[in-house]
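Spelled out, the chains give:
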Amino acid sequence: MNARRFIVTLGLMAFVTVPSMSFAEGKAVITSPADGATLDGMDENRISYEVEYGPRGDHAHLYVDNKEVAILRKRKGSYLLETLSSGKHSLCVKVVNKAHVPIGIEQCINVTVS
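This text gives an overview of the structure that appears in the document. Quantities reported herein were computed from a predicted structural model and do not represent experimental measurements.

## Here we look at the nonpolar core
Nonpolar side chains tend to gather and get buried jointly when the protein is soluble and globular.
Thinking step 1. Ranked by internal contacts, the top residues of the largest apolar core, which has 22 residues, are Val51 and Val93.
Thinking step 2. Among the secondary structure elements, those contributing two or more residues to this core are strand E1 (27-32), strand E3 (46-52), strand E4 (59-64), strand E5 (67-72), strand E7 (87-96) and strand E8 (102-113).
Thinking step 3. Here the element with the most residues in this core is E8; it accounts for five residues.
Thinking step 4. If sequence neighbours within four positions are ignored, Val51 has contacts with Lys27, Ala28, Ala60, Lys74, Arg75, Val93 and Val95.

## As for the sheet that holds strand E6 (residues 76-80)
Thinking step 1. Read from one edge of the open sheet, three strands run E1-E3-E6, paired in antiparallel fashion. In this open sheet, the two edge strands, each paired with only one partner strand, are E1 and E6. Neighbour-to-neighbour, the strand axes of this sheet turn through a mean angle of 30°, independent of strand direction.
Thinking step 2. Direction of pairing for E3 relative to E6: antiparallel, over a ladder of five bridges. Within E6, the position partnered with Ser48 by the bridge is Ser78.

## Some points on the pairing of E8
Thinking step 1. In this sheet, E8 lies alongside strand E2 (residues 38-39) in parallel orientation, the contact comprising two bridges. The partner of Leu39 across the bridge, within E8, is Val113.
Thinking step 2. Judged from the nine bridges that link them, E7 and E8 form a sheet pairing that is antiparallel. Residue Lys94 lies in a different strand from E8, and its bridge partner there is Glu106.
Thinking step 3. Joining the antiparallel neighbours E7 and E8 is a turn of five residues, in which His100 adopts a positive phi near 70°.

## Structural notes on the state of the cysteines
Two cysteines joined by a covalent bond between their sulfur atoms form a disulfide.
Thinking step 1. Enumeration according to the criterion identifies one disulfide in this entry.
Thinking step 2. Here Cys92 connects covalently by a disulfide to Cys108, the sulfurs 2.1 Å from one another. Here the disulfide of Cys92 and Cys108 is right-handed, its torsion about the S-S bond being about 115°. Of this pair, Cys92 sits in strand E7 while Cys108 sits in strand E8, and the two are 16 residues apart along the sequence.
Thinking step 3. Given the relative accessible area of 4%, Cys92 is considered buried.

Reading guide: rules and limits
- Residues numbered from 1 in each chain as written.
- Predicted model: local features only at pLDDT ≥ 70, side-chain atom pairs only at ≥ 80, totals over all residues.
- Heavy atoms only, no water.
- Core = buried A, V, L, I, M, F, W, Y, C linked by side-chain atoms within 4.5 Å.
- Buried < 20%, exposed > 50% of the residue type's maximum accessible area, 1.4 Å probe, protein only.
- Helix = DSSP H or I, 4+ residues; strand = E, 2+ residues; numbered from the N terminus.
- Contact = heavy atoms within 4.5 Å.
- Pairing = 2+ DSSP bridges.
- Axes fitted to C-alpha atoms, helices over the stretch in contact; angles between N-to-C directions.
- Disulfide = S-S within 2.5 Å.

Here it is as structure tokens:
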């Protein structure tokens with residue numbers, strides 16, 4: 001019984017500490033629009049984001065359909081999207097290093113423009 005309690009305690013400790021370790025390495029979060037959202041092509045559409053660069057990151061880039069469209073120097077903000085054509089689009093915020101190379105911290109969402 002003591003061995004079982006030890007294993008459960010160890011598992012809970014790993015569960016609690018692992019998420020905090022990943023935030024120390026950095027994060028990229030798209031706060032708006034939501035993944036799967038439908039955007040009105042006649043409106044001004046913005047993407048809102050929050051990033052933590054981590055020890056290897058320097059700033060972030062915004063990609064629309066795998067094409068870089070903006071350099072994001074603020075850790076939290078929004079960016080006015082250029083007019084998007086009707087249809088499905090991928091939006092990604094990626095943390096990059098000083099050489100503008102993505103370091104693996106990113107979030108991507110898909111939207112549809114009507």
